[in-house]
Amino acid sequence: MEELRVLELFSGIGGMHYALRTSQIPGTVVAAVDINTVANVVYTHNFPETRLLNNNVQKLTPRAINKLDVNTILMSPPCQPFTRVGNQRDVDDYRSDALKHLSDVVGDLTTVDKILMENVRGFEKSRAHDMYIQCLNSSGFDYREFIVSPTQLGVPNTRHRYFCIARRSRPFSFLQKDQISMELPEECRATSLEPFPVQRILEVDGSLLEAYLIKDDTLLKRAWLLDIVTSEDTNTMCFTKAYVHYCEGTGSVFTPESASVVSEVFGKAKEVRPDNVEYLKLLRSLKLRYFTPSEVARLMSFPADFSFPGETTDRQRYRLLGNSINVLVVSELIKLLCL
Ligand SMILES: C[S@@+](CC[C@H](N)C(=O)[O-])C[C@H]1O[C@@H](n2cnc3c(N)ncnc32)[C@H](O)[C@@H]1O
């Protein structure tokens, strides 16, 4: 098999780089590009050998890309123009400009044979999607599209995302173009589909955890809105970049207690008024806490050797992880891209 020579665009904290490694497809990341200096510090901390360009993707000319002599592009462009809670301005949002630029130049990228793109669910209905697919078609690429979640590979985290894999040298022999697949095809499910429990990703050093306990104020005002999981659970909700900053709908929280204790406590709390001291006491007894950034990274299938540099704050860590990808899901798609 020809070695992959990868250009990692919108590289963030390097989720695509880890996915390449996890796929075990022979290859190297020739260069990575991102404009976020905080993300770039994390990237270099983990991949000091990789050439990282602190640059705007829109400034990359076809000539500059061809000079890198890469045969593969792995990319997750900004998703804000397409998110459910975003402004949905689609191609009119300036954050779509980089993808528009890439769509414009893709036909001139003479060395590039393979492209993998990740985006949010909803992208498939956008004008940016239609523009991208049209450029792939007119540049001679065959492609397959997916909306899949890590839970489909047994990972206890829901994160439905849109993916498009495209190849120029030979057509794909599985699934069909123009039909978005809601699951990964049999061909790439080398990984066990047996779901594993949250227990497996928990921090072993309990002394760290005090700092992640949910504050009384949040318990009093928001306890009923939290998605609480136990160590036995085999699913957590998608972690977004606002995790911890806002607690509703941004990711699950953890209790070391069992599910039956949780329902017992909430049953009792229902009978007590929130201004009664007993109410807070009951909720505190569940020792509810946020998942730590390392735990979130593990739920996103980052390998054990991934770490954040000491100077990155927790808030930055959650933001960066919320913007990143599930490494295992992308590694399966990279295998498909090469199949
Ligand atoms: C969805 S995140 C990608 C995350 C990445 N795959 C990871 O694993 O962390 C999008 C990234 O694109 C970067 N970005 C946005 N617009 C850009 C542009 N015009 N040029 C370069 N990077 C850009 C952001 O800083 C952000 O890190």
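The rules behind the values
- Residues numbered from 1 in each chain as written.
- Predicted model: local features only at pLDDT ≥ 70, side-chain atom pairs only at ≥ 80, totals over all residues.
- Heavy atoms only, no water.
- UniProt positions renumbered as here; feature names shortened; annotations may be inferred.
- Helix = DSSP H or I, 4+ residues; strand = E, 2+ residues; numbered from the N terminus.
- Contact = heavy atoms within 4.5 Å.
- Pairing = 2+ DSSP bridges.
- Phe/Tyr/Trp six-rings, centres within 6.5 Å; stacked < 30°, edge-to-face > 60°.
- Buried < 20%, exposed > 50% of the residue type's maximum accessible area, 1.4 Å probe, protein only.
- Domains from an automatic or database assignment.
- Buried area = accessible area lost by both parts, 1.4 Å probe.
- Salt bridge = Lys/Arg side-chain N within 4 Å of Asp/Glu carboxyl O.
- Polar contact = N/O pair within 3.5 Å; in protein donor to acceptor, adjacent residues only side chain to side chain.
- Nonpolar A, V, L, I, M, F, W, Y, C, P; charged D, E, K, R; others polar.
- Axes fitted to C-alpha atoms, helices over the stretch in contact; angles between N-to-C directions.
- Core = buried A, V, L, I, M, F, W, Y, C linked by side-chain atoms within 4.5 Å.
- Near = heavy atom within 4 Å.
- Areas by Shrake-Rupley, 256 points an atom, 1.4 Å probe, with all protein chains shown as cover.
- 1 Å grid on protein atoms, 1.4 Å probe; cavity = no way out; pocket = protein on both sides within 12 Å on 5 of 7 lines; lining within 4 Å.
- Sits in = over half its atoms within 2 Å of the grid points.

Explain the UniProt feature "active site" (unreviewed entry) in the protein here, please?
When the UniProt feature table is mapped onto this chain, "active site" (unreviewed entry) is found at Cys 79. Within the fold, Cys 79 resides in the loop between strand S4 (72-75) and helix H4 (97-105). Setting aside anything within four residues of it in sequence, one finds Cys 79 in contact with Asn 119 and Val 120.

I tried to follow the sheet that holds strand S10 (residues 289-290) on my own but got confused; where do I start?
Backbone hydrogen bonds hold the strands of a sheet together, and the pairing may be parallel or antiparallel. Ordered by their spatial adjacency, three strands build an open sheet running S8-S9-S10, and the pairing between neighbours is mixed. Among the strands making up the open sheet, the edge pair consists of strand S8 (228-229) and S10. Pairing of strand S9 (residues 253-254) with S10, which is carried by two bridges, proceeds in the antiparallel orientation. Its bridge partner lying in S10, Phe 254 is registered against Arg 289.

Quick question: what am I supposed to make of the packing of aromatic side chains here?
Two aromatic rings are characterised by how far apart their centres lie and by the angle between their planes. In total, this model carries 14 aromatic pairs according to the counting rule given. Between Tyr 243 and Tyr 318 the ring centres are 5.3 Å apart and the planes differ by 80°, which places this aromatic pair in the edge-to-face class. Within this pair, whereas Tyr 243 is found in the loop between S8 and S9, its partner Tyr 318 is found in helix H10 (residues 314-323), the two being separated by 75 residues in sequence. For Tyr 243, a relative accessible area of 3% gives the class buried.

Just checking my understanding: could you explain the environment of Asp 69 for this structure?
For Asp 69, the position within the fold is in the loop between helix H3 (62-68) and S4. On the basis of relative accessible area, Asp 69 is assigned to the partly exposed category, the value being 43%. Sequence separation between Asp 69 and Leu 184 is 115 residues, and the spatial gap between their C-alpha atoms is 30 Å. Discounting residues that sit within four places of it in the chain, Asp 69 has contacts with Arg 5 and Thr 111.

Where do I start with the pairing of strand S6 (residues 142-148) in this structure?
A regular strand carries its side chains on alternate faces of the sheet. Extensive coverage of S6 is indicated by the burial of seven of its seven residues. Here S6 shows no split at all, with Asp 142, Arg 144, Phe 146 and Val 148 on one side and Tyr 143, Glu 145 and Ile 147 on the other all buried. Pairing between S6 and strand S7 (residues 161-167): seven bridges, direction antiparallel. The residue of S7 that forms the bridge with Glu 145 is Cys 164.

I keep staring at the domain arrangement of the protein and nothing clicks. Help me out?
When the parts come together, some accessible area is lost, and that loss is often what is quoted as the size of the interface. Each domain of the protein was delimited in the assignment, giving domain 1 (4-193 + 326-338) and domain 2 (204-291). One C-alpha centre belongs to domain 1, the other to domain 2, and the line joining them spans 35 Å. Taken residue by residue, the interface counts seven residues in domain 1 and seven residues in domain 2. Summing the contributions of domain 1 and of domain 2, the shared interface buries around 510 Å²; its carbon and sulfur component is 36%. On the surface where domain 1 and domain 2 come into contact, there are zero salt bridges. Applying the counting criterion to the domain 1 and domain 2 interface returns seven residue pairs in polar contact (both at pLDDT 80 or more). Across the side of domain 1 that touches domain 2, the residue classes break down as one nonpolar, four polar and two charged.

Can you help me understand the sheet that holds strand S5 (residues 114-120) in this one?
Read from one edge to the other, the open sheet built from seven strands follows the order S3-S2-S1-S4-S5-S7-S6, with strand pairing classed as mixed. Of all strands in the sheet, those with a lone pairing partner are strand S3 (51-54) and S6, marking the two edges. For this sheet, the mean angle separating the axes of adjacent strands, direction not counted, is 15°. Strand direction decides the pairing type here: S4 and S5, joined by four bridges, are parallel.

Can you walk me through the nonpolar core in this structure?
If you look at soluble globular proteins, the nonpolar side chains tend to sit buried side by side. By size, the foremost hydrophobic cluster in this structure holds 73 residues, and its most contacted members are Leu 116, Ile 165, Phe 291, Leu 333 and Ile 334. With nine residues, the top contributor of residues to this core is helix H11 (residues 327-338). In this structure, this core is formed jointly by two domains, domain 1 (4-193 + 326-338) and domain 2 (204-291), each of which donates at least three residues.

How do you make sense of the site of the ligand when you look at a structure like this?
Ile 13, Asp 34, Asn 56, Ser 76 and Ser 324 are the nearest of the 18 residues found near the ligand. A distance of 2.9 Å is found between an oxygen atom of the ligand and a backbone nitrogen or oxygen belonging to Ile 13. Burial of the ligand by the protein chains amounts to 90% of its free accessible area of 610 Å². Cavity membership is defined here by more than half of the atoms lying within 2 Å of grid points; on that basis the ligand lies in the largest pocket. Here the shell around the ligand is built from residues that sort into six nonpolar, 11 polar and one charged.

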